[in-house]
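Analysis of the macromolecular model
Below are the chains, spelled out letter by letter.
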Amino acid sequence: YNHPLNNTTTVLFELPFGRDRRWGGQWSRGMDLLAGGWRLTAVNTVTSGLPFNLTYTPSAAGSVSGAPTYRPNVTGDIYAPEGQQTVNNYLNAANVTIPAISTPFGNAPRNIGRGPAIATLDLGLHKRFAVTGRSGLEVRIESFNTLNRSNFNAPNSNRSATNFGTITMLATQARQIQLGLKFDF
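First things first, this report covers the structure right here in the doc. For clarity, every value in this text was computed on a predicted model and none was experimentally measured.

On to the pattern of salt bridges. Tallied over the entire structure, the rule returns 5 salt bridges. The salt bridge involving Arg39 is made with Glu14; its shortest N-O contact spans 3.9 Å. With Arg39 in strand E2 (residues 38-47) and Glu14 in strand E1 (residues 6-14), this residue pair connects regions lying 25 residues apart in the sequence. Across the pair Arg39 and Glu138 runs a salt bridge whose closest N-O atoms are separated by 2.6 Å. Of this pair, Arg39 sits in strand E2 while Glu138 sits in strand E8 (residues 135-144), placing them 99 residues apart in sequence. Taking the relative accessible area as the measure of exposure, Arg39 reaches 23% and is therefore partly exposed. For Glu138, a relative accessible area of 5% gives the class buried. Where salt bridges share partners, they join Glu14, Arg39, Glu138, Arg140 and Glu142 into one cluster.

Below, the discussion takes up the side chain of Thr146. Position of Thr146 relative to the elements: it lies in the loop between E8 and strand E9 (176-184). Among the polar contacts made by the side chain of Thr146, one reaches the main-chain amide nitrogen of Leu123 at a distance of 3.4 Å. Not counting residues within four places of it along the chain, the set of residues in contact with Thr146 comprises Leu121, Asp122, Leu123 and Arg175.

Moving on, we come to the nonpolar core. Core analysis: the largest hydrophobic core is formed by 10 residues, namely Phe52, Leu54, Val74, Ile78, Tyr90, Leu91, Val96, Ala108, Phe164 and Ile167. Filtering out sequence-adjacent residues up to four positions away, Phe164 remains in contact with Leu54, Leu91, Ala93, Val96, Asn156, Ser157, Asn158 and Arg159.

Procedures and definitions
Residues numbered from 1 in each chain as written. Predicted model: local features only at pLDDT ≥ 70, side-chain atom pairs only at ≥ 80, totals over all residues. Heavy atoms only, no water. Salt bridge = Lys/Arg side-chain N within 4 Å of Asp/Glu carboxyl O. Helix = DSSP H or I, 4+ residues; strand = E, 2+ residues; numbered from the N terminus. Buried < 20%, exposed > 50% of the residue type's maximum accessible area, 1.4 Å probe, protein only. Polar contact = N/O pair within 3.5 Å; in protein donor to acceptor, adjacent residues only side chain to side chain. Contact = heavy atoms within 4.5 Å. Core = buried A, V, L, I, M, F, W, Y, C linked by side-chain atoms within 4.5 Å.

Shown next as structure tokens:
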């Protein structure tokens with residue numbers, strides 16, 4: 001399917017505090033262990049919304065077989081008018097109609113719609129402590145979907161459903177924060 005925008009930008013920044021850094025070069029060993037040598041990471045992801053097909057569920061009398069996907073007729077813009085579009089009113093039901101039983105296949109093309117765009121920012125703060133030789137322990141504090149943005153999934157696109165055009169699920173999870181330890185040897 002067509003996914004026109006998929007951008008992931010990653011940034012890794014060694015914070016300039018601690019021994020052998022711009023600031024804090026004269027810190028004591030204890031202060032350097034606590035506040036020096038941290039690395040900040042950021043991953044920003046922006047993608048276009050997920051594509052979807054418009055469908056409908058035919059009555060038993062209008063069903064040709066169980067195999068095809070039944071597509072409705074489209075007579076105008078499938079999206080709710082600008083300024084009226086919400087998660088409870090994402091699609092314009094007036095412009096999407098179920099065909100007559102005698103002509104069960106409508107004119108809606110494949111992947112006609114696209115859900116809302118998705119954007120997340122993940123942040124991390126990492127510090128590595130040397131143990132012996134090449135081995136070390138890394139402390140990691142990470143946050144996923146740091147801004148806690150609600151990224152909505154594609155709407156219900158089955159015209160036969162009572163909740164047609166509504167968005168009832170999220171495409172990403174709410175903010176998550178984790179603390180981790182990583183031992184390299």
